[in-house]
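Letter by letter, the chains look like this.
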Amino acid sequence: MTQVKHLIVGAGFAGLGMAIKLAEDGEDDFLVIEKDDDVGGTWRANVYPGAACDVPSQLYSYSFAPNPDWSMSFSPQPEIRAYLERLAQRSGVLDRFRFGLAVDRATWDDGRQSWRVTLSDGTEIIATTLISGAGGLSEPRLPDIDGIDSFEGEVFHSARWNHDVDLTGKRVAVIGTGASAIQIIPEIAGIVDHLDVHQRTPPWVIPRNDRRYTGIEKFGFRHVPLMQKAYRTAIYWGRECYVPAFTMNPKLALPAKMLARANIAKAIKDPELRRKVTPDYEIGCKRILISNTYYPALAAEHVDLVDEPIGKVTPNALVTADGVERPIDVLIVATGFHTTDQPIASAITGREGRTLAETWERTGQVAYKGTTVHGFPNLFQIVGPNTGLGHSSMVLIIESQIDYIRDAIRTMDAHSYATVEPHLDEQVRWNEDVQRRMGRTVWNSGGCASWYLDAEGRNTTLWPKSTFTFRRLLSRFDVSAYDVTAATETADEGVPA
Ligand code: N01
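Quantities reported herein were computed from a predicted structural model and do not represent experimental measurements. Each chain has its residues counted from 1, running along the sequence as written. Selection of residues for local features in this predicted model requires a pLDDT of at least 70, selection of side-chain atom pairs for listing and counting requires 80 or more, and totals for whole chains, interfaces and linings are taken over all residues. Side-chain descriptors were evaluated using all non-hydrogen atoms of the structure, hydrogens and water having been removed beforehand.

Re the pairing of strand β5 (residues 114-119)
Rules: Buried residues are those whose accessible area, probed at 1.4 Å on protein chains only, stays under 20% of the maximum for their type, while exposed residues exceed 50% and partly exposed ones sit between those limits. Secondary structure elements follow DSSP: runs of H or I no shorter than four residues count as helices, runs of E no shorter than two count as strands, and numbering proceeds from the N terminus. In this analysis, strands are considered paired if DSSP registers two or more bridges between them.
With 5 of 6 residues buried, β5 is to be regarded as a mostly interior element. With 6 bridges connecting them, strand β4 (residues 103-109) and β5 associate as antiparallel partners. Its bridge partner being in β5, Val 103 is matched across the sheet by Leu 119. In textbook terms, the turn of a hairpin is the stretch between consecutive antiparallel strands, and for β4 and β5 this stretch comprises 4 residues, one of which, Gln 113, has a positive phi near 50°. Sheet analysis places β5 next to strand β6 (residues 124-132), joined by 4 bridges and oriented antiparallel.

Here it is as structure tokens:
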């Protein structure tokens, strides 16, 4: 059995950032557990063709580690992954990372005032704090389609891309038209013999204003530090201007809607195809997608946009509800992720013997400040409930939470607190305020279903205010909102080294 002060789960933007900042604070008694074999998180897992960020590069990086080497204004996936790998190497924290290990279960041990964590190889770790950076979009959601297991061709999820499968000259079907699918479709359309795109709901897609940075810009980013800061600041405030359209009045998004309509009109001449791809819900209700190549790909002769519901899969075909059989060699499911029912919630058991998943059964996912949960002492979640964004970079949220957790740790150390746990009434108040705001948002009222909402229609994923408000609210650890217990002799007793 190993004992550490802090156990971090995940080595993506959240876990790596947390590790770097803990080390900076002089906290060296921590471990990071990562199920993959290197750092990167979602930017390591999503290696499908065309994977790239839809948030500008300058904002999609840590504020404390600007990258002068971005080649494009929106970064391709390999550059983001390389950025995280470089940073991990440079920061000297990698010796505290354990790769290829997942958390099987984590149980609060009241006697020890610690988390008892069992890893996938059977190792047990005792940790004072458990910091989850497991990611909100990491567990693929596979579609439950009649007969899918009988399919004799290759089938894989967008986030588990099988690079051994050569799509050249094949008949391929893609299920889904979300952010992943619209990046994949134009990339593979050029090499396949035939492509069926199975759409359940059309997305709103605006142009991708991407461009290569010039040599002068890159020189400036490297040698004139204020220049990159100015770019970042301008992009940041530009993005925050979208908040009212998402959270107060969807009509403010009319210009974006017009851009999306023009994007369709420019690429698609066939009126029937135009009709099929035009959404009937408010823009922003689902994530707004950006692409210049998606609609042209759909308009190609050998690509069919199928909006008839899927009926079943046979050993060599996909059959739609109208009985039409479409022979395929490869089936790609770009059907998203478990967002409101994440497996890690079933693996974490709190003070009262209930898992997070059980605790949230009635209420949906709730947390205090998206970070801590009543009944789960010393558990900190990065990208917890209601912290997602529809308009800007998740790295901003992640950094705010990292700073909040650092301050919590400093507070615990300064006052010799063994545990901190949010008061139930503070948590309830926080969530009532968040949910009150939700009623006016386009996500809840825009007339669509999305991964933002849980099975009961509650929005437990997104943050309904600006990122600077989130940052302000988490700017210091508000210990008065917490139940604390003092460290006792017994807390440390009997913990094997
Ligand atoms: O997943 P999604 P994603 N039968 O859930 C359809 C981030 N991201 O992987 O809309 C038929 O958005 C589903 O249909 P519908 C980003 O935050 C970022 O694409 O539910 N269809 C939908 O079309 C994004 O929002 C980048 O009716 C089924 C699609 O599958 C999030 O990840 C890039 C189905 C799922 O879309 C998730 O994106 C990529 C079924 N049974 C992703 N089940 C960046 O650029 C689902 N669908 C940063």
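Quick look at the packing of aromatic side chains
The condition that has to hold: Put simply, two rings from Phe, Tyr or Trp (the six-membered ring, in Trp's case) pair if the centres are within 6.5 Å, and we call them stacked under 30 degrees between planes, edge-to-face over 60, tilted for the rest. Two conditions define a charge sitting above a ring: the NZ of Lys or the CZ of Arg must be within 6 Å of the ring centre, and it must be within 35 degrees of the ring normal.
According to the stated counting rule, one finds 25 aromatic pairs in the structure shown. Ring centres of Tyr 213 and Phe 221 lie 5.0 Å apart, and the angle between their planes is 85°; on these two criteria the pair is classed as edge-to-face. Geometrically, the ring pair formed by Tyr 236 and Trp 237 is edge-to-face, given 5.0 Å between the ring centres and 85° between the ring planes. By relative accessible area, Tyr 236 is classed as buried at 14%. An aromatic cluster is defined as three or more aromatic residues linked by ring pairs; in this entry it consists of Phe 13, Trp 43, Tyr 60, Tyr 62, Phe 64, Trp 70 and Tyr 83. Taking the ring centre of Phe 64 as reference, the NZ or CZ of Lys 21 above it sits at 4.1 Å.

Quick notes on the site of the ligand
Counted only if it meets this: Whether a residue is near a molecule or strand is decided by its heavy atoms; if any one of them lies within 4 Å of it, the residue is near. In protein, a polar contact requires one atom able to donate a hydrogen and another able to accept it; more generally it is a pair of N or O atoms within 3.5 Å, and residues adjacent in sequence count only if both atoms are side-chain atoms. For the accessible areas, the method is Shrake-Rupley and the probe is 1.4 Å, while residue cover comes only from the protein chains on display. An automatic or database domain assignment supplies the start and end points of every domain.
If you check the shell around the ligand, you find 23 residues, and the closest are Ala 52, Ser 180, Thr 201, Lys 286 and Trp 451. Side-chain polar atom of Thr 201 to an oxygen atom of the ligand: 2.5 Å apart, as the coordinates give it. In this structure, Arg 287 approaches the ligand through a side-chain N or O atom, which is 3.5 Å from an oxygen atom. Across the complex, the protein chains shield 83% of the 910 Å² of accessible surface that the ligand would expose by itself. Here the shell around the ligand takes 3 residues from helix α4 (residues 179-189), the largest share from any one element. When residues of the shell around the ligand are assigned to domains, at least three fall in each of domain 1 (2-139 + 338-492) and domain 2 (148-203 + 242-333).

Describing the state of the cysteines
Spelled out, the test is: The rule for a disulfide is simple: a pair of cysteine sulfur atoms within 2.5 Å.
The full count for this structure, using the stated rule, is 1 disulfide. Note that Cys 285 is cross-linked by a disulfide to Cys 448, the S-S spacing being 2.1 Å. Its S-S torsion of about -95° marks the bond between Cys 285 and Cys 448 as left-handed, since a negative value means left-handed. You can see Cys 285 sitting in the loop between α9 (271-277) and β11 (289-290) and its partner Cys 448 sitting in the loop between α15 (442-445) and α16 (467-473), a full 163 residues away along the chain. Cys 53 carries a free sulfur, and the closest cysteine sulfur to it, the one in Cys 241, is 19 Å from it. Owing to a relative accessible area of 58%, Cys 241 belongs among the exposed residues under this scheme.

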